[in-house]
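Residue strings, one per chain:
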Amino acid sequence: MHEPLLIVEAELTPDIIHQMLRLKCLVWPEKYNEGTYDQHWDEFSSKRDYCPGRAFVLIYDGEVLIAQAEQFPRSIKSGESVIEILALAGVAVHPNHRRKGLGSRVLKPVFARVDSGDYAFCLFQTPVPDFYAQLGCVEVEDTFYNGHLTSGREASIWWEPQVMIYPSNRPWLSGPVDLNGPAY
């Protein structure tokens, strides 16, 4: 098993993108499957518009991708405050390689960018908050909205039950938070 590899989007080959989508199919079959594969392939490129600076941490076992995490900078707003955060998405570990510390390994370089001061927080949604709490994350219960929308702002824009930040030891924003784009 190789050390995590930080790959910037511009360096992704079609083979790497296919492997990333195949891993997502294994981890989230209800969302990523053969019937939706072409749609997700097309969306991968379209995310450049609202996710500039995307980077990926990828872990391989030989030639096979077994863990991944997506990250990209995002400006969010709360009241008059605007802060740069690191968005986290698409964290996945191959089902045959779970419970080996790969989730932590793939997140370490992402959280290091926050620890170094490049970003104030890492913000993400998750169905597994206990895993992230062990890594120094905490759940936040703010109202989040997409300020680019003119209607429907009161509806939750996240699809997972918990929204979390890293690190847990800094004061978080207060009040409604404008993600300044769609949820991820």
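As the structure is a computational prediction, the values presented were derived from the model and not from experiment.

(A) Spatial organisation of the overall build of the chain. A tally of helices and strands in the chain yields four helices and nine strands. Listed N to C, the secondary structure of the chain is β-α-α-β-β-β-α-β-α-β-β-β-β in terms of helices and strands. Here the chain, with 184 residues, has 45% of them falling under the buried criterion. In the chain, 70% of the contacts between residues at least 6 apart in sequence involve partners at least 24 apart.

(B) Highlighting the nonpolar core. Counting residues in each nonpolar core, the largest one holds 22 residues, and the members touching the most others are Leu 88, Leu 107, Val 110, Phe 111, Cys 122 and Tyr 132. With six residues, helix α3 (residues 102–115) is the single largest residue contributor to this core. Leave out the neighbours within four places in its chain, and Leu 107 touches Ala 69, Leu 88, Val 91, Phe 131, Tyr 132 and Leu 135. In terms of nonpolar packing, the next biggest core, distinct from the first, is built from 20 residues, Val 140, Trp 172, Val 177 and Ala 183 among them.

(C) Quick peek at the side chain of Asp 178. Within the fold, Asp 178 resides in strand β9 (residues 177–178). Lys 77 provides the closest opposite charge to the buried, unpaired Asp 178, separated from it by 4.5 Å. A distance of 2.6 Å separates a polar side-chain atom of Asp 178 from the backbone nitrogen of Asn 180.

(D) Summary view of the pattern of salt bridges. What the rule picks out here adds up to one salt bridge. Across the pair Glu 70 and Arg 54 runs a salt bridge, and its minimum N-O distance is 3.2 Å. Of this pair, Glu 70 sits in strand β3 (residues 64–78) while Arg 54 is found in the loop between α2 (37–46) and β2 (55–61), placing the two residues 16 residues apart along the sequence. Residue classification places Glu 70 among the buried residues on the basis of a relative accessible area of 3%. A relative accessible area of 1% means that Arg 54 is categorised as buried.

(E) Quick peek at the side chain of Gln 68. Relative to the helices and strands, Gln 68 is located in strand β3. Of note is the side chain of Gln 68, whose polar atom sits 3.4 Å from the backbone oxygen of Gly 90.

(F) Looking closely at α3. With 14 residues, α3 extends 20 Å from end C-alpha to end C-alpha; this agrees with the ideal 20 Å at 1.5 Å per step. A bend of about 35° at Lys 108 is the largest found in α3, and the proline Pro 109 appears one to four places after it. Three or more residues of α3 are buried, namely Leu 102, Gly 103, Val 106, Leu 107, Val 110, Phe 111 and Val 114. Summarising the contacts, the buried residues of α3 are in contact with β2, β3, β4 (81–93), β5 (122–126), α4 (129–133) and β8 (162–166). Gly 117 sits one or two residues past α3 and shows a positive phi near 95°.

Parameters at a glance
- Residues numbered from 1 in each chain as written.
- Predicted model: local features only at pLDDT ≥ 70, side-chain atom pairs only at ≥ 80, totals over all residues.
- Heavy atoms only, no water.
- Helix = DSSP H or I, 4+ residues; strand = E, 2+ residues; numbered from the N terminus.
- Buried < 20%, exposed > 50% of the residue type's maximum accessible area, 1.4 Å probe, protein only.
- Contact = heavy atoms within 4.5 Å.
- Core = buried A, V, L, I, M, F, W, Y, C linked by side-chain atoms within 4.5 Å.
- Lys, Arg positive; Asp, Glu negative; His and termini not counted.
- Salt bridge = Lys/Arg side-chain N within 4 Å of Asp/Glu carboxyl O.
- Polar contact = N/O pair within 3.5 Å; in protein donor to acceptor, adjacent residues only side chain to side chain.
- Expected span 1.5 Å × (residues − 1).
- Bend = angle between axes of the 7 residues up to and from the residue.

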